[in-house]
2 protein chains.
Amino acid sequence: VSPGIPAEETRISDSTVRRLSGYYRILEELQEQGETTVSSYELARRAGVTPAQVRKDLSFFGHFGKRGTGYAVRQLFPKIQSILGLDRRWRVCLVGAGNLAHALFAYKEFAREGFEIHAVLDNDPEKIGQGWSGLTVEPYETLARVVRERKLDIGIITTPASAAQEVADRLVAAGIHGILNFAPRKLFVAPQVNLRNVNLAIELESLSFALK
Amino acid sequence: VSPGIPAEETRISDSTVRRLSGYYRILEELQEQGETTVSSYELARRAGVTPAQVRKDLSFFGHFGKRGTGYAVRQLFPKIQSILGLDRRWRVCLVGAGNLAHALFAYKEFAREGFEIHAVLDNDPEKIGQGWSGLTVEPYETLARVVRERKLDIGIITTPASAAQEVADRLVAAGIHGILNFAPRKLFVAPQVNLRNVNLAIELESLSFALK
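Now for a description of the structure that goes with this document. Keep in mind that this is a model prediction, so the values were computed, not measured.

Cut-off values and rules
- Residues numbered from 1 in each chain as written.
- Chains lettered and ligands numbered in written order.
- Predicted model: local features only at pLDDT ≥ 70, side-chain atom pairs only at ≥ 80, totals over all residues.
- Heavy atoms only, no water.
- Helix = DSSP H or I, 4+ residues; strand = E, 2+ residues; numbered from the N terminus.
- Buried < 20%, exposed > 50% of the residue type's maximum accessible area, 1.4 Å probe, protein only.
- Contact = heavy atoms within 4.5 Å.
- Areas by Shrake-Rupley, 256 points an atom, 1.4 Å probe, with all protein chains shown as cover.
- Lys, Arg positive; Asp, Glu negative; His and termini not counted.
- Charge placed at Lys NZ, Arg CZ, Asp CG, Glu CD.
- Least-squares fit on C-alpha atoms with pLDDT ≥ 70 in both.
- Buried area = accessible area lost by both parts, 1.4 Å probe.
- Polar contact = N/O pair within 3.5 Å; in protein donor to acceptor, adjacent residues only side chain to side chain.
- Nonpolar A, V, L, I, M, F, W, Y, C, P; charged D, E, K, R; others polar.
- Pairing = 2+ DSSP bridges.
- Right-handed = clockwise from strand over helix to strand, strands pointing away.
- Phe/Tyr/Trp six-rings, centres within 6.5 Å; stacked < 30°, edge-to-face > 60°.
- Axes fitted to C-alpha atoms, helices over the stretch in contact; angles between N-to-C directions.
- Parallel < 35°, antiparallel > 145°, perpendicular 65-115°, else oblique.
- Arc of directions from axis to C-beta.

## Concerning the overall build of chain A
Helices and strands together make up the secondary structure of chain A, namely nine helices and ten strands. Its C-alpha atoms give chain A principal-axis dimensions of roughly 65 × 45 × 35 Å. Counting only residues that meet the buried cut, chain A has 49% of its 212 residues in that class. Here the analysis covers contacts within chain A between residues at least 6 apart in sequence; of these, 58% occur between residues at least 24 apart. Carbon and sulfur atoms make up 50% of the accessible area of chain A, which amounts to about 10,400 Å² in all. Computing the positive centroid from 27 side-chain charges and the negative centroid from 24, chain A places the two 6 Å apart.

This is the structure:
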């Protein structure tokens, strides 16, 4: 077991990972601003959580901070980057070449964090063959071959809800272990597959909660 | 103060609201399946949290459950719906008529939960005048008038990052109190404005965390 990385990392909750993503962005910003240290108070203030929460979250992964001086930005940033798996590249395909896929394809944050889109697939004859700055939309039926030949790690589902389960099954059959699902449908996959559902309405819900 | 709704609801954390959104979906599903009661254990299992967390989250808003019989689905569902502000309609505009706006416009969950898109605006002459099933893309410079005349509550920013702050300023000047920002740029707004940032990369980060 390498220092700072617990053996049972899968026990870390989704909320913790989400907060780590937040700390990661804040540390990146601090580093760009030339800051060398940050206190748990300042990190907490920027992340909108309590200092105790920051210390608890980071304690899962080792002892980073020094009492009185805070965290060293240059040490903590790459540590969190590595914890989140952002110090390597992930090979991604998009299944469903609609507007959302277009938007995700153009989303520069993905590439910047190591998520590289290597294929876009669809079953619509009008979309197959479209050029997407460097890539060509490929037929959905070639999915298994594309995943294997290009050694893809992650599949992003941007199809209509009705197609999503079938696509998930095919991705898993092709050897994909990570799925990000944007279709508003609950999907079922084998327990060894990591599935994340993105519900775009949830953010609007937290806004309506605050507004009402 | 109405029963079950605390006076200082704004102290409820974002994580709690996010979990409430999860419970809301589970209860909706249970209701559709004809279930009448649900235990905190079952709700916790489906939401991927602990039963103690469920009880704690719901205790903020009153006493719903009965020891031994669990929560009444038909009582808890509308309660959470109301807490989240989903028992009313919200009038929304999209600023930036690109692919992401198209995808959000087509996203049926929004309308189903009461978020109604009443305007789409852009400053690109090629986009202005486009018909979007019932709506026409309008010039960005008419934003203030559109917000006032159509009594809009929420603005969704789907512009490039470079334009996002200017758009946020204009939305606020026009009287908008809730902003959902999809542009990958940190925005600054007056404290009375509710701003939520959607970072599409965060979901991929939690996937890479689990995969590595």
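## Points about the relation of the copies chain A and chain B
Mapping chain A onto chain B calls for a rotation angle of 180 degrees and an axial translation of 0.0 Å; the resulting RMSD is 0.0 Å. Within this description, the copies of the chain are treated as partners about a two-fold rotation axis. Closest approach to the rotation axis among the C-alpha atoms of chain A is made by Asn99 of chain A, whose C-alpha sits 2.4 Å away. Both copies present the same face, since 100% of the interface residues in chain A are matched by interface residues at the equivalent positions in chain B.

## Regarding the interface of chain A and chain B
Counting from both sides, the interface comprises 53 residues of chain A and, opposite them, 54 residues of chain B. Both faces combined, the contact of chain A with chain B buries some 5,200 Å², and carbon together with sulfur accounts for 66% of it. When the buried surface of chain A facing chain B is broken down by residue, Leu204, Glu205 and Phe209 of chain A rank first, second and third, together holding 14% of it. Counting every contact that joins chain A to chain B gives 18 residue pairs in polar contact (both at pLDDT 80 or more). Mapped onto the side of chain A that touches chain B, the elements with two or more residues apiece are α1 (14–32), α4 (73–83), α5 (99–105), α6 (108–112), β8 (154–157), β9 (178–181), β10 (194–197) and α9 (200–211) of chain A. Residue contributions to the side of chain A that touches chain B peak at twelve residues, all from α9 of chain A. The residue inventory of the side of chain A that touches chain B, partitioned by class, reads 28 nonpolar, 13 polar and twelve charged.

## Section: the pairing of β8 of chain A
All names here are of chain A. Here β8 shows two buried faces, one formed by Ile154 and Ile156 and the other by Gly155 and Ile157. Note: strand β3 (residues 90–95) against β8, four bridges, orientation parallel. Across the sheet, residue Cys93 finds its bridge partner in β8, namely Gly155. In the classification by handedness, the crossover that spans β8, the intervening helix α8 (residues 161–173) and the parallel β9 is right-handed.

## Brief notes about the packing of aromatic side chains
Residue and element names in this part refer to chain A. Overall, the coordinates contain six aromatic pairs over all chains when judged by the stated rule. Relative to Phe77, the ring of Tyr24 has its centre 5.1 Å away and its plane inclined at 15 degrees; by these criteria the two rings are stacked. Of this pair, Tyr24 sits in helix α1 while Phe77 sits in helix α4, and the two are 53 residues apart along the sequence. Judged by relative accessible area, Tyr24 falls into the buried class, the value being 4%.

## Digging into the sheet that holds strand β7 (residues 154–157) of chain B
Across the sheet, seven strands lie side by side as β5-β6-β4-β3-β7-β8-β9 (chain B); this open sheet has mixed pairing. On the outer flanks of this sheet lie β5 (131–132) and β9 (194–197) of chain B, each paired with one strand and no other. Across the face of the sheet, α9 of chain A comes into contact with β3 (90–95), β4 (115–122), β7, β8 (178–181) and β9 of chain B while running at roughly 165 degrees to β9 of chain B. Seen against the sheet, helix α8 (residues 161–173) of chain B touches β3, β7 and β8 of chain B and runs at an angle of roughly 170 degrees to β7 of chain B.

## A look at the packing of helix α2 (residues 40–47) of chain A against helix α3 (residues 51–59) of chain A
Residue and element names in this part refer to chain A. α3 packs onto α2 with a crossing angle of 105 degrees between their chain directions and a minimal axis gap of 8 Å. The pairing of α2 with α3 is recorded here as roughly perpendicular in orientation. Residues Ser40, Tyr41, Leu43 and Ala44 of α2 touch α3, and the partners they reach there are Pro51, Val54, Arg55 and Leu58. The residue makeup of the contact of α2 with α3, split by class, is six nonpolar, one polar and one charged.

## Section: the sheet that holds β10 of chain A
Ordered in space as β7-β4-β3-β8-β9-β10 (chain A), the six strands form an open sheet in which the pairing is parallel. Each of the sheet's edge strands pairs with one partner strand only, and the pair in question is β7 (138–139) and β10 of chain A. Relative to β9 of chain A, β8 of chain A runs parallel, the two being bridged by four bridges. Looking at the pairing, Ile157 of chain A lines up with Asn181 of chain A of β9 of chain A. This element, helix α9 (residues 200–211) of chain B, spans β3, β4 (115–122), β8, β9 and β10 of chain A of the sheet and lies at about 165 degrees to β10 of chain A.

## Notes on the pairing of β4 of chain A
When a strand is regular, its side chains alternate between the sheet's two faces. Residue and element names in this part refer to chain A. Counted residue by residue, β4 has six buried out of eight residues, so it is predominantly covered. Here two bridges tie β4 to β7, and the two strands are oriented parallel to one another. Paired with Leu121 across the strands is Glu138, a residue of β7.

## Focus: α3 of chain A
Residues and elements named next belong to chain A. Those residues of α3 that fall on the buried side of the exposure criterion are Pro51, Val54, Asp57 and Leu58. Seen end-on, α3 carries its buried residues on one side only, within an arc spanning 125 degrees. On its buried side, α3 packs onto α1, α2, β2 (71–72) and α4.

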